[in-house]
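Survey of secondary and tertiary structure
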Amino acid sequence: MYLQTFPNPFETALAIADLIISRIIAFSPTQQRKFVLGLVADNAAIPLYEELARRCEAQEVSFEHVIAIVLDEYVGLGPEDLQSHHYFMEEHFFSKVDIPPSQTHVPYTLSNSLLTTCASYESLITSFGGIHLILLGLGGLGQIGSNGPGSGGKTRCRIVQLDEGIKENVAESFLTLADVPTHALTLGIGTILDSAEIILLATGRNKSSALTTALEGGICHLCPASMLQLHEDVRVFADEEAVSELQPSTIRHLSAQAPSTKPEFESEPKSEDEPEDEPDQLNLSDPSSINDIDLPYPIFPLSQNTPSIEREIVAQMQMADTNGVFESVCGGGAQGITFKSGLIVWYDDVKANEQSGGASLIA
Ligand SMILES: N[C@@H]1[C@@H](O)[C@H](O)[C@@H](COP(=O)(O)O)O[C@@H]1O
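Below is a summary of the structure that appears in this document. Just so it is clear, the structure is predicted and the values come from calculations on it, not from any experiment. (Residues numbered from 1 in each chain as written. Predicted model: local features only at pLDDT ≥ 70, side-chain atom pairs only at ≥ 80, totals over all residues. Heavy atoms only, no water.)

Remarks on the sheet that holds strand E2 (residues 35-39)
Put simply, the rule reads: Two strands are said to pair when DSSP picks up at least two bridges between them. Segments assigned H or I by DSSP are reported as helices when at least four residues long, segments assigned E as strands when at least two residues long, and all are numbered from the N terminus.
If you trace the seven strands from one edge of the open sheet to the other, you get E1-E10-E9-E6-E2-E3-E5, paired in parallel fashion. Across the chains shown, the open sheet's two edge strands, defined by having one partner strand only, are strand E1 (2-6) and strand E5 (104-105). Here E2 pairs with strand E6 (residues 133-137) via two bridges, running parallel. Of the residues in E6, the one forming a bridge with Leu37 is Leu133.

Printed below as a string of structure tokens:
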């Protein structure tokens, strides 16, 4: 799970828009091979939909070959009802971009046979080959879609009774609490977890408690969003208010998992107050201290005899003026390299079969 934090909801939206657009462009969808995008009718997503619409208008992205699957809908509300998710998606997104109406899908809950509707919605997704990327909002009770507390991790598309807390949260959109629908049709947690990639959007202080439980608590059906921990490719996009209750170590660990959105070799400027990284046990003025470090690799001092592949890596590192973890530097050469405090470690396969794993001290 990757966590990226932004100063405010607007910048969070921009980052998600960048990701969605880059995924669509990389996929190069065509009439025959469409990109399947799961979407949510969440107020927190409005700045994102505005940004996507703006970028579509500017012809930076097209939704012509995108299929939209909306996550959930209140039972008994249709496209004409102002509070329906269908109305929301039309108003904020579908009507603003070039997506053909035949490619927008919202659960239809006015039918007489909701069980059939659930099965059909699930089959529809299967017929498209699954969802490539799904956007989820985070509810204040940890719900995703209308999967409220108590939703099992293997649930499929189904009718759920809305939790009182969820109803209270949306009551202001309706005349009174009694007007809030009692049920919703939602993709199940299992359906969501089948998506190839998941984005969880959480902005605002009212999401901080749910986000903390989802990321720091164990996987538990009382916080459905915690089950996203089971998925291999989840990106959490949050603003500073939403992460305000997280432990600093949680933010550090989960942010470290995030692939940089900046050029790969760019490093963060150091603040003046920030102490220099301690070189662990390595004393750079004493190259022999490298022997004190417990590494599962042979160690080579960088010298005239250093193999050229290693020199190339070192040169790239020095040019990049960075520290951190590098992946796949030198194309098919090194598979992964860690550079810390003057120490370069590479692992896996360095230049097929010629060397296998090693460390080098820049001194
Ligand atoms: N079914 C919706 C969810 O899909 C949404 O993510 C959540 C939070 O929405 P908001 O950010 O508008 O409070 O509310 C409801 O539970």
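What to know about the pattern of salt bridges
Filter applied, for reference: Within this document, salt bridges are pairs made up of a side-chain nitrogen of Lys or Arg and a carboxyl oxygen of Asp or Glu, the two lying within 4 Å of each other. Only protein chains enter the area calculation, which uses a 1.4 Å probe; residues under 20% of their type maximum are buried, those over 50% are exposed, and those in between are partly exposed.
All told, the structure shown has ten salt bridges when counted by the stated rule. Notably, a salt bridge pairs Arg23 with Glu197, separated by 2.7 Å at the nearest N-O pair. Of the two residues, Arg23 sits in helix H1 (residues 9-27) while Glu197 sits in strand E9 (residues 197-202), which places them 174 residues apart along the sequence. Under the relative-accessibility criterion, Arg23 is labelled partly exposed at 24%. A salt bridge links Glu164 to Lys167; its shortest N-O distance comes to 3.3 Å. Here Lys167 and Glu164 lie together in helix H5 (residues 164-170), a separation of three residues that amounts to about one turn. A relative accessible area of 45% places Glu164 in the partly exposed class. When its relative accessible area of 10% is taken as the criterion, Lys167 is described as buried. If you follow the salt bridges from partner to partner, you end up with Asp18, Glu51, Arg54, Arg55 and Glu60 in one network.

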